[in-house]
Amino acid sequence: RFSVKTLIDRSCFETIDDSSPEFNNFAAILEQILSHRLKGQITWFGYESPRSFWDYIRVACRKVSHNCICSIENMENVGSSRAKGRAWIRVALMEKHLSEYISTALRDFKTTRRFYEDGAIVLGEEANMLAGMLLGLNAIDFSFCLKGEGLDGSFPAVIDYTPYLKFTQSSDSISSDEEELRTLGSSGSEGSTPENIGPPFIMDENIWYNKCKRVEQKYRLALEQKGYLEELVRLRENQLSGSVSQNKLLIQRIEDMDLAHKMEKEQLEYIIMELQDQLTVLKNNDLRSRQELTTHLTNQWPSPGALDVNAVALDTLLYRKHNQQWDEKSFQSLDQFSAEVSLSQSSLDPGHSQDGKQDGMNLLKEGKEDTPSLLGLCGSLTSVASYKSLTSLKSSEYLASPTTEMTSPGLTPS
């Protein structure tokens, strides 16, 4: 109770931080209360190892809404269990939820009994008043650095009892108590007056001076807060203007990207149309080339009229040969006759070279043996006219009866 009272009195004059001796004393007392008769942790071999109050808080305060347990567990600069417990005290004070944490942990009697031995403060009747005393700390604005030396868990918490041996109430606290007593007296019965509650206070110059000083300090504090809020508003306005400018740039960039996308789409459509036109032209050219190739190959092959002319010329030659030689019966064999027919056809062909004629004559003059292997040399197989003449010759009646007389040169073998 003394540590809470001194902490509240100190908060009237300055901001409470890690350098405040009243806070260091309060944190040490709270740590000693939560560590009183705390059970150790039983290891595998049956030995009991010391344990910190943070292990109890971590389990018992899980039910608090929006708790900071996970945040304390994930802190990088806080390693030991005792340091995490001290960091939790500071975070809970800054959040103004220390009383809620303690009351929630004490209500979980089963967990408290599991962590503490009999006779512990948190198991006694005094624990019920602990949460109520800590409730007054919610009116104080704390400012702590969670990276300071106060979180070092290598040294134990030491309580300084010197400020509590002779407690002197400050004038500010006396004025506050006076106003509180007057308020309570006015809300009570008619016979209850502030004069009946306590002795009258002497209002001398020092008291007025302290009041003026306190008002001036409050004015300066309000002025500093006003300046801070103005600076904060100015900073937020700058951030807002920067965000608006960035938003405009992003909108402009999106519009440019949309325009570029549309242009690329149009270009791709134009390219697709050009490719389709080129493909159509290539298909037409391919079809035209096929037709030209078909026409060219058709023109290279002899026409039926030319075949008939060549056949008539060959028949005339055969008629003359038959009139002169069939009667004399000078043909030795069918192979010689075929060779002569081939030679005659070669003479009728305008595209045939002189070498072909000489080869045919030499072949005719040479006496070859009448064998079936030379039957394929009768006539020129490179021309359709010779093949047709040879076929008609083999199927004609002249080969069946060589003595048949031909009376007309226009007759052709069927």
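Rules used in this analysis
Residues numbered from 1 in each chain as written. Predicted model: local features only at pLDDT ≥ 70, side-chain atom pairs only at ≥ 80, totals over all residues. Heavy atoms only, no water. Helix = DSSP H or I, 4+ residues; strand = E, 2+ residues; numbered from the N terminus. Buried < 20%, exposed > 50% of the residue type's maximum accessible area, 1.4 Å probe, protein only. Contact = heavy atoms within 4.5 Å. Areas by Shrake-Rupley, 256 points an atom, 1.4 Å probe, with all protein chains shown as cover. pLDDT = per-residue confidence, 0-100. Phe/Tyr/Trp six-rings, centres within 6.5 Å; stacked < 30°, edge-to-face > 60°. Lys NZ or Arg CZ within 6 Å of the ring centre and 35° of its normal. Core = buried A, V, L, I, M, F, W, Y, C linked by side-chain atoms within 4.5 Å. Patch = residues over 30% accessible without salt bridge, like charges linked within 9 Å, V, L, I, M, F, W, Y side chains within 5 Å. Salt bridge = Lys/Arg side-chain N within 4 Å of Asp/Glu carboxyl O. 1 Å grid on protein atoms, 1.4 Å probe; cavity = no way out; pocket = protein on both sides within 12 Å on 5 of 7 lines; lining within 4 Å. Points joined across faces, edges and corners; volume = space filled by probe spheres on them. Nonpolar A, V, L, I, M, F, W, Y, C, P; charged D, E, K, R; others polar. Lys, Arg positive; Asp, Glu negative; His and termini not counted. Polar contact = N/O pair within 3.5 Å; in protein donor to acceptor, adjacent residues only side chain to side chain. Axes fitted to C-alpha atoms, helices over the stretch in contact; angles between N-to-C directions. Parallel < 35°, antiparallel > 145°, perpendicular 65-115°, else oblique. Arc of directions from axis to C-beta.

Looking only at helices and strands, one finds 17 helices and two strands in the protein. The buried share among the 414 residues of the protein stands at 29%. Contacts in the protein between residues at least 24 apart in sequence constitute 68% of all its contacts with a sequence separation of at least 6. Roughly 28800 Å² of accessible area belongs to the protein as shown, and the carbon and sulfur atoms make up 56% of that amount.

To continue, consider the confidence of the model for the protein. Residues of the protein with pLDDT of at least 70 account for 62%, and the chain-wide mean is 75. A low-confidence stretch, residues 373-384 stays under pLDDT 50, and its non-local contacts, those more than four residues away or across chains, total 18 contacts.

A separate point is the packing of aromatic side chains. Across all of its chains, the model carries five aromatic pairs by this definition. Between Phe 23 and Phe 144, the aromatic rings sit 4.3 Å apart at their centres with planes inclined by 35°, giving tilted as the arrangement. With a gap of 121 residues between them, Phe 23 in helix 2 (residues 21-34) and Phe 144 in the loop between helix 8 (127-134) and helix 9 (162-165) connect regions that are remote in the sequence. Grouping residues by exposure puts Phe 23 and Phe 144 together as buried. Here a set of aromatic residues connected by ring pairs shows up, and it is made of Phe 23, Phe 142 and Phe 144. Over the face of the ring belonging to Trp 208 we find Lys 211, whose NZ or CZ atom lies 5.1 Å from the ring centre.

Of note in this structure, Arg 37 is not a glycine but carries a positive phi near 55°. In this structure, Arg 37 sits in the loop between helix 2 and strand 1 (41-42). Judged by relative accessible area, Arg 37 falls into the partly exposed class, the value being 39%. At Lys 96, a position not held by glycine, the phi torsion is positive, near 60°. Of note, Lys 96 is situated in the loop between helix 5 (81-95) and helix 6 (98-107). Relative accessible area serves as the criterion here: at 29%, Lys 96 is assigned to the partly exposed category.

Right, let's talk about helix 6 for a bit. Counting buried residues along helix 6, seven of its 10 residues qualify, which places the element largely inside the surrounding structure. Taken together, the buried positions of helix 6 are occupied by Leu 98, Ser 99, Tyr 101, Ile 102, Ser 103, Thr 104 and Ala 105. Those residues of helix 6 that are buried are in contact with helix 2, helix 3 (53-60), helix 5, helix 7 (109-115) and helix 8.

Here the focus is the side chain of Ser 3. Within the element layout of this structure, Ser 3 appears in helix 1 (residues 2-11). Contacts of Ser 3, omitting those with residues within four sequence positions, involve Phe 26, Ile 29 and Tyr 164.

Looking now at the nonpolar core. In terms of nonpolar packing, the biggest core is built from 50 residues, with Phe 26, Trp 88, Leu 93, Leu 98 and Tyr 116 touching the most fellow members. Looking at this core, the elements with two or more residues in it are helix 1, helix 2, helix 3, helix 4 (69-73), helix 5, helix 6 and helix 8. Here this core takes eight residues from helix 2, the largest share from any one element. Setting aside chain neighbours within four positions, we find Leu 98 in contact with Phe 26, Leu 30, Trp 88, Ala 92, Leu 93 and Leu 134.

Glancing now at a nonpolar patch on the surface. Together, Leu 268, Tyr 270, Ile 271 and Leu 275 make up an exposed nonpolar region whose accessible area comes to about 420 Å². Mapped onto the secondary structure, Ile 271 falls in helix 12 (residues 205-300).

A separate point is the layout of surface pockets. The volume enclosed by the second largest pocket comes to roughly 480 Å³. Those elements giving two or more residues to the lining of the second largest pocket turn out to be helix 1, helix 2 and helix 8. Per element, the largest residue contribution to the lining of the second largest pocket is five residues, and it comes from helix 8. A per-class count over the lining of the second largest pocket returns 15 nonpolar, one polar and two charged.

Right, let's talk about the side chain of Asp 108 for a bit. Within the secondary structure layout, Asp 108 lies in the loop between helix 6 and helix 7. It is Lys 63 that comes nearest to the buried, bridge-free Asp 108 among opposite-charge side chains, at 4.7 Å. For Asp 108, the side chain forms a polar contact with the side chain of Thr 111, separated by 2.7 Å.

Turning next to the packing of helix 5 against helix 6. Here helix 5 crosses helix 6 at 120°, and the two axes come no closer than 7 Å. Comparing the axis directions of helix 5 and helix 6 gives the class oblique. Along the contact surface, helix 5 presents Trp 88, Ala 92, Leu 93 and Glu 95, while helix 6 presents Leu 98, Tyr 101 and Ile 102. Looking at the contact of helix 5 with helix 6 residue by residue, the class counts come to six nonpolar, no polar and one charged.

For helix 8, the complete set of buried residues consists of Ala 127, Leu 130, Ala 131 and Leu 134. All buried residues of helix 8 lie within an arc of 90° about the axis, which places them on one face of the element. Against the buried residues of helix 8 lie helix 2 and helix 6.

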